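Examining the three-dimensional arrangement
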Amino acid sequence: MDMHMCMCQAPTMAAAKRLVVLMEERDYVALQREAERAGRSMASIVREAVREKLEGRHVANDEERRAAAVELICGEHDPDFDWARVKRDLERRYG
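First, a word on scope: everything that follows refers to the structure included in this document. The structure displayed is predicted, hence computed values, not measured ones. (Residues numbered from 1 in each chain as written. Predicted model: local features only at pLDDT ≥ 70, side-chain atom pairs only at ≥ 80, totals over all residues. Heavy atoms only, no water.)

Some details on the packing of helix α1 (residues 25-38) against helix α2 (residues 42-55)
As a packed pair, α1 and α2 sit with axes 9 Å apart at the nearest point and diverge in direction by 105 degrees. On the basis of the axis angle, α1 is roughly perpendicular to α2. For the pair formed by α1 and α2, the contact residues are Tyr28, Leu31, Gln32, Glu34 and Ala35 on the first element and Met42, Ile45 and Val46 on the second. When the residues that make up the contact of α1 with α2 are grouped by side-chain class, the tally is six nonpolar, one polar and one charged. (Axes fitted to C-alpha atoms, helices over the stretch in contact; angles between N-to-C directions. Helix = DSSP H or I, 4+ residues; strand = E, 2+ residues; numbered from the N terminus. Parallel < 35°, antiparallel > 145°, perpendicular 65-115°, else oblique. Contact = heavy atoms within 4.5 Å. Nonpolar A, V, L, I, M, F, W, Y, C, P; charged D, E, K, R; others polar.)

Quick notes on the pattern of salt bridges
This model, assessed by the stated rule, comprises seven salt bridges. The salt bridge involving Glu34 is made with Arg37; its shortest N-O contact spans 2.7 Å. Of this pair, Glu34 and Arg37 are both found in helix α1, three residues apart, which corresponds to roughly one turn of the helix. Using a relative accessible area of 29% as the deciding quantity, one classes Glu34 as partly exposed. With relative accessibility at 61%, the residue Arg37 sits in the exposed group. Here Glu91 makes a salt bridge to Lys87, at a shortest N to O gap of 4.0 Å. Here Glu91 pairs with Lys87, and both are found in helix α4 (residues 83-94), just four residues apart, close to one helical turn. For Glu91, a relative accessible area of 46% corresponds to the partly exposed category. (Salt bridge = Lys/Arg side-chain N within 4 Å of Asp/Glu carboxyl O. Buried < 20%, exposed > 50% of the residue type's maximum accessible area, 1.4 Å probe, protein only.)

Structural data, given as structure tokens:
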């Protein structure tokens, strides 16, 4: 079984810690492809996935935040629209 070592480090974060993760070939390749597709580092994707798992919620990326803003701005304007509820929903969903 081929294994890859992925060292994840956040040099711009204060008091960052280093983690070494051993991955199977298929997982490493999938992570590498996703990083290339998203234009992000593999480490940033791993950190985001860990945060999501530990916090039990979805951590939005920039693309998702932009889409939510466009949806909010360009959506139908209902006179009974509850902005407070929308804000709570957005904060819960996108942090």
